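Summary of structural features
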Amino acid sequence: MVSAARKASTHRFLDRHFSGQSMDYRQIIALIIPILIDQAFIIGLNLVNTAMISSSGVAAVSAVNMVDSLNIFLINVFVAVATGGTVVVAQYKGSRNDAMVSKASSGSVSSVLLLALAISLLIIALHSPTLNLLFGSAEADVFQNAKSYLIGSSLSFCGIAIVEAVCGVLRGIGKSRASLMLSLIMNLTYVALNFVLINLADMGIMGMNISVNVSRYLAAACAIYYLVKMDESLRVRLRDMLQVNWTMLKKILSIGMPFAAEQMFFNGGKILTQIFIVSLGTYAIAANAISASLAMVIQIPANALSIAIVTVVGQCIGRREIEDARKLTRSFLWLSSATFVVMGLLILPLYHPLVSLFHPPAEIVDEIFTIVLINTIAQIPLWAISFITPSALRAAGDAKYTSVVSMLSMWLFRVVLGYILGVVLPFGVVGVWLAMDIEWGIRGLIFLRRFRGTKWYRHRLVED
């Protein structure tokens with residue numbers, strides 16, 4: 001009796017807060033769980049990779065961290081365009097226009113691939129001046145490792161671009177399970193090869209380069225095969241992905257390009273704060289890298305929700321169910337904050353065994369704990385409003401506003417405060433992280449104010 005009553009109560013709660021005209025809580029849970037598993041694997045495997053490369057020394061892990069900050073900056077540019085494809089696909093799905101869903105899917109893959117190819121060629125050609133400009137103050141052995149890793153990872157951009165575009169399309173139509181499988185193929189292959197090439201063959205950075213290229217292009221081949229041969233509902237043809245549909249490209253870029261510009265400025269600011277940290281020495285770089293890895297673990301459920309909300313709100317807007325979009329966004333905000341409480345209670349007691357995976361010098365162990373503790377507490381009220389809210393606004397087509405706010409808040413608050421607290425004042429890496437937390441709060445409050453208004457859902461991306 002008690003169990004039946006509890007189930008009925010849970011059903012009523014979920015139905016009240018996570019169901020609407022466009023989808024009910026069962027569909028939303030089915031969407032979120034594969035994304036959650038995907039994020040857990042991505043972050044967990046990145047954690048393992050960082051731990052594996054740390055066995056090659058502080059110089060290697062510092063080099064990987066420096067270049068990955070640049071890689072994230074570059075990859076997020078075409079991931080942003082893939083997000084534009086997700087929004088358009090989701091809105092066409094919500095309006096039940098299957099023919100346009102197919103065209104949007106093809107257009108998303110072709111546009112993201114072309115952009116990734118251009119970025120890859122540019123970075124390979126300019127790798128030396130780029131590294132000199134950004135990290136010229138790094139020690140010689142760190143710099144040499146960074147140079148090798150930047151070239152190797154740039155060669156893989158087209159592979160991950162295809163995977164991200166196809167996964168974005170699949171999430172847009174609610175098939176997050178298929179996108180999970182593609183992500184698992186890529187990430188499990190990457191870790192397995194890293195274990196063989198780094199730990200067993202002792203190939204260091206070169207082993208990581210081979211791993212990242214093989215895993216990403218293998219997953220890209222599987223993604224194209226699935227889209228063309230296995231998913232009959234989309235009816236995507238290979239030749240459609242090799243042609244440019246300018247009308248569809250314009251729709252995708254109307255969301256993707258402001259987001260791409262936002263990612264460039266946003267991650268450019270993060271690279272600038274990384275330069276501050278590089279100037280503080282190799283130990284500071286390592287402390288920042290390990291702290292970031294642990295912070296990503298705590299963010300796993302919230303990141304899954306920020307990805308899922310794009311599909312949820314996109315389909316609501318496609319059906320013009322504005323109140324559903326509002327209600328579900330509010331529910332996602334509360335749920336995201338709750339996940340930080342749970343993850344903090346799980347991770348903080350395990351701090352010492354987790355940090356030992358990275359073999360940190362004893363001098364920075366306490367500093368890393370301070371960063372992780374402060375950031376975990378700050379994320380409970382601040383992360384959701386700073387990341388879930390703009391994802392919802394962007395899914396409704398409000399891309400320009402979210403991008404402008406994110407760019408301004410990054411440069412006016414995180415960069416300036418990061419320099420003052422981290423370099424001018426004696427707070428070091430902790431100061432840089434404090435500046436980030438403050439910027440989240442300011443940006444989040446601005447997004448909440450926009451969400452309470454009406455302008456964010458008045459954009460018309462798709463025809464009724």
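Residues numbered from 1 in each chain as written. Predicted model: local features only at pLDDT ≥ 70, side-chain atom pairs only at ≥ 80, totals over all residues. Heavy atoms only, no water.

1. Focus on the overall build of the protein
What counts is decided by this rule: Under the scheme used here, helices are H or I runs from DSSP no shorter than 4 residues and strands are E runs no shorter than 2 residues, and both carry numbers assigned from the N terminus. Using C-alpha atoms as the atom set, the radius of gyration is obtained and then compared with a globule rule of 2.2 Å times the number of residues to the power 0.38. By definition in these notes, contact holds between two residues if any of their heavy atoms fall within 4.5 Å.
A tally of regular secondary structure across the protein gives 18 helices and zero strands. Relative to a compact globule of 464 residues, whose C-alpha radius of gyration would be 23 Å, the protein shows 22 Å and is just as compact. Dimensions of the protein, computed from the C-alpha atoms along their principal axes, are close to 60 × 55 × 45 Å. Taking all contacts inside the protein whose residues are at least 6 apart in sequence as the whole, residues at least 24 apart take part in 83%.

2. Some thoughts on the pattern of salt bridges
Convention followed: One side-chain nitrogen of Lys or Arg within 4 Å of one carboxyl oxygen of Asp or Glu is enough to make a salt bridge. Remark: exposure states derive from per-residue accessible area (1.4 Å probe, protein chains only) relative to the maximum for the residue type, with buried under 20%, exposed over 50%, and partly exposed in between.
One pass over the full model with this rule turns up five salt bridges. Of the charged contacts in the structure, one is a salt bridge between R450 and D398, with a shortest N-O distance of 2.9 Å. Here R450 is found in helix α18 (residues 428-452), whereas its partner D398 is found in the loop between α16 (365-395) and α17 (399-424), with 52 residues between them in sequence. Here R450 matches D398 in class, with each residue buried. Several salt bridges converge on common partners, so that one network encompasses R414, E439 and R443.

3. Overview of the packing of aromatic side chains
Our working rule: Under the pairing criterion, centres of Phe, Tyr and Trp rings, with the six-membered ring standing for Trp, must be within 6.5 Å; the plane angle then separates stacked pairs below 30 degrees from edge-to-face pairs above 60, leaving the rest tilted.
Under the counting rule described, the total for this entry stands at seven aromatic pairs. Between F451 and W456, the aromatic rings sit 5.3 Å apart at their centres with planes inclined by 35 degrees, giving tilted as the arrangement. Judged by relative accessible area, F451 falls into the buried class, the value being 5%. Ring geometry for W456 and Y457: centres 5.2 Å apart, planes at 90 degrees, overall edge-to-face.

4. Quick look at unusual backbone geometry
Notably, R320 is not glycine yet its phi reads approximately 60 degrees, a positive angle. Tracing the backbone through its elements, the reader meets R320 in the loop between α13 (300-318) and α14 (322-347).

5. Details of the side chain of R414
Let me state the cut-off plainly: Contacts described as polar in this section are N or O atom pairs within 3.5 Å, which, within protein, must combine one atom able to donate a hydrogen with one able to accept it, while residues neighboring in sequence count only if both atoms come from side chains.
Inspection of the secondary structure assignment puts R414 in helix α17. Judged by its relative accessible area of 5%, R414 is buried. At 3.0 Å, the side chain of R414 and the side chain of E439 are in polar contact. In this structure, R414 is in contact with F266, K270, T273, S409, A435, M436, E439, W440 and R443, ignoring residues within four places of it in sequence.

6. Considering the nonpolar core
In plain terms, the rule: Residues enter a nonpolar core if they are buried and are Ala, Val, Leu, Ile, Met, Phe, Trp, Tyr or Cys, with the set joined through side-chain atoms within 4.5 Å.
F78, V166, L170, L234, L294, F332 and I368 are the most contacted members of the largest nonpolar core, which totals 132 residues. Considering each element in turn, this core owes the most residues, 17 residues, to helix α3 (residues 58-94). Apart from residues lying up to four places away in sequence, F78 is in contact with V112, L115, A116, I119, F157, I160 and A161.

7. Here's the deal with the environment of V109
Relative to the assigned elements, V109 resides in helix α4 (residues 98-125). For the pair formed by V109 and I28, sequence separation is 81 residues and the distance between their alpha carbons is 25 Å. If we skip the residues at most four places from it in the chain, V109 touches A165, V166, I224, L227 and M241.

8. Looking at helix α12 (residues 282-298)
Our working definition: Between the first and last residue of a helix there are one fewer steps than residues, each counted as 1.5 Å, and that sum is the expected span.
A rise of 1.5 Å per residue sets the reference length of α12, with its 17 residues, at 24 Å; its end C-alpha atoms lie 25 Å apart and thus fit the reference within 8%. Burial of α12 is extensive: 14 of the 17 residues sit out of reach of the surface.

9. Concerning the side chain of S409
Along the chain, S409 turns up in helix α17. Here S409 falls in the buried class, since its relative accessible area comes to 3%. A polar contact is formed between the side chain of S409 and the backbone oxygen of S406, at a distance of 3.1 Å. Polar side-chain contacts of S409 include one of 2.6 Å to the side chain of E439. When residues no more than four places from it in sequence are discounted, the contact partners of S409 are R414, E439 and R443.

10. Concerning the packing of helix α6 (residues 140-154) against helix α9 (residues 204-230)
Where we set the bar: A fitted line through C-alpha atoms serves as each axis, taken over the contacting stretch for helices, and the angle formed by two N-to-C directions is quoted from 0 to 180°. Angles are sorted into four bins: roughly parallel if under 35 degrees, roughly antiparallel if over 145, roughly perpendicular if 65 to 115, and oblique for all others. What makes a crossing left-handed is the near helix being turned counterclockwise from the far one by less than a right angle; a clockwise turn instead makes it right-handed. Think of it as three bins: nonpolar holds Ala, Val, Leu, Ile, Met, Phe, Trp, Tyr, Cys and Pro, charged holds Asp, Glu, Lys and Arg, and polar takes everything else, Gly as well.
The interhelical angle for the contact between α6 and α9, taken along N-to-C directions, is 10 degrees, at an axis separation of 9 Å. When the axes of α6 and α9 are compared, the pair comes out roughly parallel. The crossing of α6 and α9 is right-handed. Counting all contacts with α6, which are made through N145, S148, Y149, G152 and S153, the residues of α9 involved are I205, M206, M208, N209, V212, N213 and R216. Taken together, the residues that form the contact of α6 with α9 break down as five nonpolar, six polar and one charged.

11. Regarding the environment of I442
Here I442 is to be found in helix α18. Residue I442 is classed as partly exposed on the basis of its relative accessible area, which comes to 27%. C-alpha separation for the pair I442 and L180, spaced 262 residues apart in sequence, amounts to 33 Å.

12. Considerations on the environment of L345
Here L345 shows up in helix α14. Distance from L345 to D324, taken between C-alpha atoms, is 32 Å for residues 21 residues apart in sequence.

13. Section: α18
The end-to-end C-alpha distance of α18, which contains 25 residues, comes to 38 Å, matching closely the 36 Å that a straight helix rising 1.5 Å per residue would cover. Most of α18 is tucked away, with 18 of its 25 residues classed as buried.

Everything listed is a geometric property; what it means functionally is a separate question.
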